[in-house]
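Notes for the structure review
Each chain, written out:
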Amino acid sequence: MKKLFAFIVCVSLFIGALAQSALQFDSNAGMKSSIVLYDGSSVGYTAYERLFYVTNVEDSVYQFLNVFVPDGATQNTPIFLRTYVGGYMASPAAQPQAGDATGRALKEGYVVVIPGTRGRNSAFVADKAYSKAHKGVKEGQTIYTGRAPKAILDLKAAIRYLRHFDKDMLGNAECIITDGTSAGGAMSALMGATGNNPEYAELLKNMGAADERDDVFASICYCPIIDLEHADMAYEWLFQQTDSRQNLDDLHKSYTEELAALFPAYLESLRLKKSDGTLLTADNYLDYIKSEIIRSAQIAKNAGADIPDSLGFSFNNSAGGMFAAPINGGMPPQMQGGQLPQGMRPMRSGLRVRQVGEYIIDLDMKQYLNYVVSTQPLKGVPAFDSQIEIINRASGENDLFGDWTGNSVNFTDFTARKNNVTLSDANRQNVRLMNPMIFIDDSNTTIAPHWYIRHGARDRDTAFPVPVNFATKLQNAGKEVNFLLAWNRPHSGDYALDELFDWIAFICK
Ligand code: DHB
């Protein structure tokens with residue numbers, strides 16, 4: 001609490017309503033600098049910092065962006081826009097980092113943009129003038145500036161700013177590639193899936209965002225925490241079969257069962273199709289997820305990873321098995337005492353070879369999910385809209401959908417019912433504006449044509465159906481989607497950068 005107070009006081013010192021008559025960018029105001037990367041190489045760049053992307057700045061701590069133009073960039077250079085939003089918290093405009101995708105993007109020659117954004121914790125203390133100007137606000141009252149949908153509005157304003165000054169700034173605003181992890185992955189997903197949608201227009205206009213388009217070319221989403229109003233049902237539908245959900249008290253067990261029962265109707269309302277055209281239903285959906293886990297594990301196995309059968313995998317025991325021998329040096333049963341196939345040399349003893357076939361042919365999902373849960377305990381029930389009077393505490397998402405007073409509110413009908421409340425229309429609209437799933441079908445939206453979506457194959461921060469549905473919906477909409485439940489990854493981002501930047505080079509060709 002003390003920390004929060006110190007944070008708010010500190011923020012309040014910086015706050016000041018900042019009204020500019022027009023957005024500004026001075027191409028001569030850049031500062032030369034450089035970054036040393038993991039391989040000892042140094043990349044020189046010109047930094048343009050504290051570029052306010054709206055004219056009605058409500059929170060001057062966050063509502064600006066930094067641009068880093070590497071030496072050699074041209075007007076045609078793609079722009080790598082990284083948001084550092086995490087936990088739906090405020091995130092200041094930052095510097096590029098040698099140890100993440102921003103440093104790598106500079107090394108690859110891309111212009112890097114890091115916008116600041118307001119979040120569920122950004123706040124200031126109202127002074128006399130503020131309370132006088134705002135009815136109902138007392139002097140000394142804490143004003144929260146970044147509750148939903150403020151963060152995505154800030155990012156859209158940042159995109160519009162880049163378009164507004166595209167001719168004055170190196171880098172191509174028609175080729176913006178967004179990147180973020182977790183809540184930042186959600187922001188990246190929103191930037192990619194809500195381009196130019198009119199539902200955001202009035203809000204952006206009121207902020208003094210540039211009157212420009214805000215669609216982007218590509219979005220990279222690591223473990224996006226999205227579809228918040230359906231995330232609880234997806235979580236219980238998937239994880240109710242784990243041992244961990246058997247140990248709940250009766251009340252929470254009933255929540256699990258009720259929530260899980262809501263998921264099939266939601267899934268079927270999406271009318272998602274597999275790549276062969278088959279409609280996804282509650283009957284074939286677990287197999288669909290299973291096939292994604294197997295695909296991921298097989299890719300890792302092909303690259304040399306050990307995939308233990310103790311996680312629930314079964315392997316072919318024909319061709320691969322014929323050539324394999326147990327680690328202890330023994331022969332597979334079919335070869336013991338028998339002849340080796342013609343032309344095949346005996347294995348050297350002591351050589352570490354696999355006990356099982358080369359190809360994964362099945363997976364016991366219950367066993368696998370128990371493995372996932374063994375690596376990190378599950379969230380409570382409900383996982384996201386957790387705020388139930390007296391029984392459960394509020395989650396970060398309950399804070400996210402609160403308002404400027406700093407309250408926490410429900411955002412699903414399920415949990416609202418448990419509290420005998422109903423969601424307000426304003427609240428429903430905020431939830432909607434934070435959900436990229438909704439806008440993919442909307443003909444008023446310009447959706448990014450290219451997508452790179454990753455969710456760790458042992459990430460339990462949200463359940464697999466959330467990213468799987470998102471990727472499938474985008475595929476069904478005809479977008480180019482590079483999706484993977486990345487093998488053995490927990491909740492994390494900006495990994496496998498060689499692969500990521502190969503993909504970026506491919507889409508930018
Ligand atoms: C993040 C993680 C969560 O589990 C969540 O519910 C929201 C955000 C994050 O890491 O950003």
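Above: the structure in question.
Let me begin by describing the structure that accompanies this report. (Residues numbered from 1 in each chain as written. Predicted model: local features only at pLDDT ≥ 70, side-chain atom pairs only at ≥ 80, totals over all residues. Heavy atoms only, no water.)

1. What to know about the site of the ligand
Taken together, the residues surrounding the ligand are Gly86, Gly87, Ser182, Ala183, Ile225, Lys379, Phe384, Glu397, Asp461 and His491. Within the backbone of Ala183, one N or O atom sits 3.1 Å away from an oxygen atom of the ligand. One nitrogen or oxygen atom from the side chain of Asp461 is found 2.6 Å from an oxygen atom belonging to the ligand. The residue inventory of the shell around the ligand, partitioned by class, reads three nonpolar, four polar and three charged. (Near = heavy atom within 4 Å. Polar contact = N/O pair within 3.5 Å; in protein donor to acceptor, adjacent residues only side chain to side chain. Nonpolar A, V, L, I, M, F, W, Y, C, P; charged D, E, K, R; others polar.)

2. Concerning empty space enclosed by the protein
Going through the model one piece at a time under the given rule, you end up with two cavities of 30 Å³ or more. What the second largest cavity holds in volume is close to 40 Å³. Broken down by class, the residue content of the lining of the second largest cavity amounts to seven nonpolar, two polar and one charged. (1 Å grid on protein atoms, 1.4 Å probe; cavity = no way out; pocket = protein on both sides within 12 Å on 5 of 7 lines; lining within 4 Å. Points joined across faces, edges and corners; volume = space filled by probe spheres on them.)

3. Some thoughts on unusual backbone geometry
Omega for the peptide link from Ala148 to Pro149 comes to 5°, which places this bond in the cis form. Of note, Pro149 is situated in the loop between β9 (142-144) and α4 (150-164). Note that the residue after Val381, namely Pro382, is joined by a cis bond; omega there is -10°. Structurally, Pro382 can be placed in the loop between α11 (365-375) and α12 (396-400). The phi dihedral of Arg50 is positive, around 55°, even though this residue is not glycine. Looking at the secondary structure, you find Arg50 in strand β3 (residues 42-52). On the accessibility criterion, Arg50 (48% relative accessible area) is partly exposed. The phi dihedral of Ser182 falls on the positive side, at around 65°, and the residue is not glycine. Looking at Ser182, the relative accessible area reads 12%, which means it is buried. (Helix = DSSP H or I, 4+ residues; strand = E, 2+ residues; numbered from the N terminus. Buried < 20%, exposed > 50% of the residue type's maximum accessible area, 1.4 Å probe, protein only.)

4. Structural notes on the environment of Asp283
Relative to the helices and strands, Asp283 resides in the loop between α8 (250-270) and α9 (285-302). Asp283 gets classed as exposed once you look at its relative accessible area, which sits at 74%. With 19 residues separating them in the primary sequence, Asp283 and Pro264 have C-alpha atoms 8.8 Å apart.

5. Concerning the packing of aromatic side chains
Applying the stated rule across the entire model yields 25 aromatic pairs. Considering the side-chain rings of Phe80 and Phe501, the 5.7 Å spacing of their centres and the 35° angle between planes classify their relative orientation as tilted. Residue Phe80 is found in strand β6 (residues 78-82), and its partner Phe501 is found in helix α17 (residues 497-508); the two are separated by 421 residues along the sequence. Overall, Phe501 belongs to the buried group, its relative accessible area being 3%. Ring geometry for Phe124 against Tyr130: centres 5.0 Å apart, planes inclined by 85°, an arrangement best described as edge-to-face. Taken as a pair, Phe124 and Tyr130 share a single burial class, namely buried. An aromatic cluster is built from Phe25, Tyr48, Tyr161 and Phe165, whose rings are joined through pairwise contacts. Sitting above the plane of the Tyr144 ring, Arg147 keeps its charged end 4.7 Å from the centroid. (Phe/Tyr/Trp six-rings, centres within 6.5 Å; stacked < 30°, edge-to-face > 60°. Lys NZ or Arg CZ within 6 Å of the ring centre and 35° of its normal.)

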